[in-house]
Amino acid sequence: MSNIEIRRPEPGDVEELKQFFTIVIKDTFAKEGLADRVNEIKKEIQDKENLLKKDFKSNGEDQYFLIALDKAKIIGTIEYGPTSQLVIDCTNGELKDIVEVGTVFVHPAYQKKGVGTLLLNLIYLTFLNRNIKEFCLDSGYYHAQRVWQKKFGTPDY
């Protein structure tokens, strides 16, 4: 794992990112026992592609992605942006003014090797540079919830 490159996505990465989102989301749904939820999988993939479009359109101001590469192959992503409506609703608006970290995806072949932690550390540095002092995250996936609870403890909501 010593030669992992972390950088902002470029327009030339879009097709590979679409394939990456498809692989990771299908794998995640399968591991969660939800592989038969084809429409939800398609929607999740489309949502991630839309966030990526917002990043490019706003030059990282409205959504901000980082990607991890191993030998020029995309193996991970992380992004942050405005807090989702779901989080705002579930917290009665308490978290509406902070950013939300999302799309923390690691290719199945690279999971449990520190790629997600590396991406999270780089997003922390981005927050420091942008004077962002708080963030939230949301995950409906059981396996991801376990990872986040291990890193951050019991969730507030």
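From a predicted model like this one, the values you see are computed outputs, not experimental measurements. (Residues numbered from 1 in each chain as written. Predicted model: local features only at pLDDT ≥ 70, side-chain atom pairs only at ≥ 80, totals over all residues. Heavy atoms only, no water.)

Q: Please provide a residue-by-residue account of the pairing of strand β2 (residues 64–70), values included.
A: Most of β2 sits out of view: 7 of its 7 residues are buried. Where strand β1 (residues 4–7) lies against β2, 4 bridges are found, and the strand directions are antiparallel. Following the sheet pairing, Arg7 is matched in β2 by Ile67. Pairing of β2 with strand β3 (residues 73–82), which is carried by 7 bridges, proceeds in the antiparallel orientation. Its bridge partner being in β3, Ala68 is matched across the sheet by Gly76. The antiparallel hairpin formed by β2 and β3 contains 2 residues in its connecting segment, where Lys71 sits at a positive phi of about 55 degrees. (Buried < 20%, exposed > 50% of the residue type's maximum accessible area, 1.4 Å probe, protein only. Helix = DSSP H or I, 4+ residues; strand = E, 2+ residues; numbered from the N terminus. Pairing = 2+ DSSP bridges.)

Q: I'd like a rundown of the pattern of salt bridges, residues and numbers included.
A: Considering all chains together, one arrives at 10 salt bridges under this definition. For Arg37, the salt bridge goes to Glu40, with nearest N and O atoms at 3.7 Å. The structure contains a network of salt bridges with shared partners spanning Glu5, Arg7, Glu10 and Asp13. (Salt bridge = Lys/Arg side-chain N within 4 Å of Asp/Glu carboxyl O.)

Q: Go over the environment of Lys113, please, and point to the residues and values.
A: Mapped onto the elements, Lys113 comes out in the loop between β4 (99–106) and α4 (115–129). In this structure Lys113 comes out as partly exposed when scored by relative accessible area, which is 47%. At 3.3 Å, the side chain of Lys113 and the backbone oxygen of Ala109 are in polar contact. (Polar contact = N/O pair within 3.5 Å; in protein donor to acceptor, adjacent residues only side chain to side chain.)

Q: Tell me what's going on with the packing of aromatic side chains, and back it up with residues and numbers.
A: Tallied over the entire structure, the rule returns 7 aromatic pairs. Measuring from ring centre to ring centre gives 6.3 Å for Phe20 and Phe21, while their planes differ by 55 degrees; the resulting arrangement is tilted. Connected via pairs of aromatic rings, a cluster forms that spans Tyr64, Tyr80, Tyr124, Phe127 and Phe135. Positioned above the aromatic ring of Tyr64 is the side chain of Arg8, whose terminal nitrogen or guanidinium carbon lies 4.3 Å from the ring centre. The residue whose ring lies beneath Lys113 is Tyr110, and the NZ or CZ to ring-centre distance is 5.9 Å. (Phe/Tyr/Trp six-rings, centres within 6.5 Å; stacked < 30°, edge-to-face > 60°. Lys NZ or Arg CZ within 6 Å of the ring centre and 35° of its normal.)

Q: Tell me about the nonpolar core, and name the residues and values.
A: Among the nonpolar cores identified, the biggest contains 16 residues, and Ile78, Tyr80, Val115 and Ile123 are the most heavily contacted of them. Counting residues per element, the ones that place at least two in this core are β2, β3, β4 and α4. Looking at this core, the element that brings in the most residues is α4, giving 5 residues. (Core = buried A, V, L, I, M, F, W, Y, C linked by side-chain atoms within 4.5 Å.)

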